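Here are the chains, one letter per residue:
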Amino acid sequence: EAAVTQSPRSKVAVTGGKVTLSCHQTNNHDYMYWYRQDTGHGLRLIHYSYVADSTEKGDIPDGYKASRPSQENFSLILELASLSQTAVYFCASSDRTGGREQYFGPGTRLTVL
Amino acid sequence: GDSVTQTEGQVTVSESKSLIINCTYSTTSIAYPNLFWYVRYPGEGLQLLLKVITAGQKGSSRGFEATYNKETTSFHLQKASVQESDSAVYYCALVRNNNNRIFFGDGTQLVVKP
């Protein structure tokens with residue numbers, strides 16, 4: 001069974017609209033992350049969380065909000081979607097021990113028109 | 001800050017031929033970081049291919065191997081004989097021992113020709 005799931009897997013949004021991407025993990029991990037990937041580039045960290053009800057800014061947080069209502073769930077919110085936010089978004093989780101690998105979801109392809 | 005460099009955006013190899021994908025890293029940490037190779041197959045998320053947490057050691061999985069070379073700060077991925085099913089995007093990454101931040105390279109698309 002997939003330990004990190006994302007929904008939706010694909011979405012088309014209009015400029016200025018609100019978009020919510022959801023992530024659910026069954027790994028019992030404390031840390032969760034949101035990344036975006038643009039074609040030909042590596043993953044860039046948007047937001048992360050190390051405990052429920054708390055989120056932290058990553059390297060590119062502008063234009064994004066995050067919500068961690070429980071250990072298992074982590075959402076990424078685009079209040080006013082823009083063309084530049086067209087990308088593939090990955091959620092991941094890891095345990096609290098530093099230096100460990102992360103476990104990724106299958107990704108959400110977001111297209112903003 | 002920390003960074004990972006993969007010099008090739010795409011590598012094309014004929015089936016049964018050998019493969020090398022280059023990766024070098026840079027870190028400001030005094031301690032040696034943990035090094036990883038992740039792979040992303042079409043339509044799927046990233047999954048761990050192999051990892052090495054001790055400098056000088058070699059990791060291997062599914063016929064792939066990579067050696068942690070702290071002198072050259074490299075972690076190249078190699079395979080002696082590739083298959084079509086190895087076609088995917090490969091990402092080199094590092095994580096410091098004392099935190100959970102992961103730094104990825106830009107990825108290398110491997111195309112295996114039949």
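Residues numbered from 1 in each chain as written. Chains lettered and ligands numbered in written order. Predicted model: local features only at pLDDT ≥ 70, side-chain atom pairs only at ≥ 80, totals over all residues. Heavy atoms only, no water.

Caption draft 1: Expanded view of the overall build of chain B. On a plain count of helices and strands, chain B comes out with zero helices and twelve strands. Going from N to C terminus, chain B has its helices and strands arranged as β-β-β-β-β-β-β-β-β-β-β-β. A globule of 114 residues ought to have a C-alpha radius of gyration of about 13 Å, and chain B, at 14 Å, matches this closely. Its C-alpha atoms give chain B principal-axis dimensions of about 45 × 25 × 20 Å. Counting across all 114 residues of chain B, residues that qualify as buried make up 45%. The contacts of chain B with a sequence gap of at least 6 include a subset with a gap of at least 24, amounting to 55%. In the form shown here, chain B has an accessible surface area of approximately 5,300 Å², with 46% of it arising from carbon and sulfur atoms. Charged side chains of chain B number 10 positive and 9 negative; the gap between the two group centres comes to 4 Å. (Helix = DSSP H or I, 4+ residues; strand = E, 2+ residues; numbered from the N terminus. Rg over C-alpha atoms; globule rule 2.2 N^0.38 Å. Buried < 20%, exposed > 50% of the residue type's maximum accessible area, 1.4 Å probe, protein only. Contact = heavy atoms within 4.5 Å. Areas by Shrake-Rupley, 256 points an atom, 1.4 Å probe, with all protein chains shown as cover. Lys, Arg positive; Asp, Glu negative; His and termini not counted. Charge placed at Lys NZ, Arg CZ, Asp CG, Glu CD.)

Caption draft 2: Structural context of the sheet that holds strand E7 (residues 65-67) of chain A. Residue and element names in this part refer to chain A. One open sheet accounts for four strands, arranged E1-E3-E8-E7; its pairing is antiparallel. Among the strands making up the open sheet, the edge pair consists of strand E1 (4-7) and E7. The average angle at which neighbouring strand axes cross in this sheet is 20°, direction not considered. Note that E1 and strand E3 (residues 19-25) share four bridges and pair antiparallel. Bridge assignment links glutamine 6 to a residue of E3, and that residue is cysteine 23. (Pairing = 2+ DSSP bridges. Axes fitted to C-alpha atoms, helices over the stretch in contact; angles between N-to-C directions.)

Caption draft 3: Representation of the interface of chain A and chain B in the model. On the side of chain B, 21 residues touch chain A, which itself brings 25 residues to the contact. Each partner contributes to the roughly 1,700 Å² buried at the junction of chain A and chain B, and carbon and sulfur atoms together form 47% of this total. If you sort the residues of chain A by the area they bury against chain B, Gly99(A), Glu101(A) and Phe104(A) come out on top, with a joint share of 29%. Counting the contacts that link chain A with chain B gives two salt bridges. A salt bridge links Asp59(A) to Arg101(B); its shortest N-O distance comes to 2.7 Å. Contributing elements (two or more residues each) for the side of chain A that touches chain B: strand E4 (31-37), strand E5 (43-51) and strand E9 (87-94) of chain A. A per-class count over the side of chain A that touches chain B returns nine nonpolar, ten polar and six charged. (Buried area = accessible area lost by both parts, 1.4 Å probe. Salt bridge = Lys/Arg side-chain N within 4 Å of Asp/Glu carboxyl O. Nonpolar A, V, L, I, M, F, W, Y, C, P; charged D, E, K, R; others polar.)

Caption draft 4: The sheet that holds strand E7 (residues 58-61) of chain B, seen in detail. Residues and elements named next belong to chain B. The strand order E3-E9-E8-E7 describes an open sheet built from four strands, whose pairing is antiparallel. Strand pairing shows two members of the sheet lacking a second neighbour, strand E3 (19-21) and E7, which therefore form its edges. Recorded for the sheet is a direction-independent mean angle of 20° between the axes of neighbouring strands. In the sheet, E3 pairs with strand E9 (residues 77-79) via three bridges, with the strands oriented antiparallel. Across the sheet, isoleucine 21 pairs through a bridge with leucine 77, a residue of E9.

Caption draft 5: Molecular detail of the pattern of salt bridges. Residues and elements named next belong to chain A. Evaluated as defined, the whole model comprises eleven salt bridges over all chains. Close ionic contact of aspartate 95 with arginine 100 constitutes a salt bridge, the shortest N to O distance being 3.2 Å. Among the residues examined, arginine 100 registers a relative accessible area of 39% and is labelled partly exposed. It is possible to trace a salt-bridge network through shared partners that takes in Arg36, Asp38 and Arg44.

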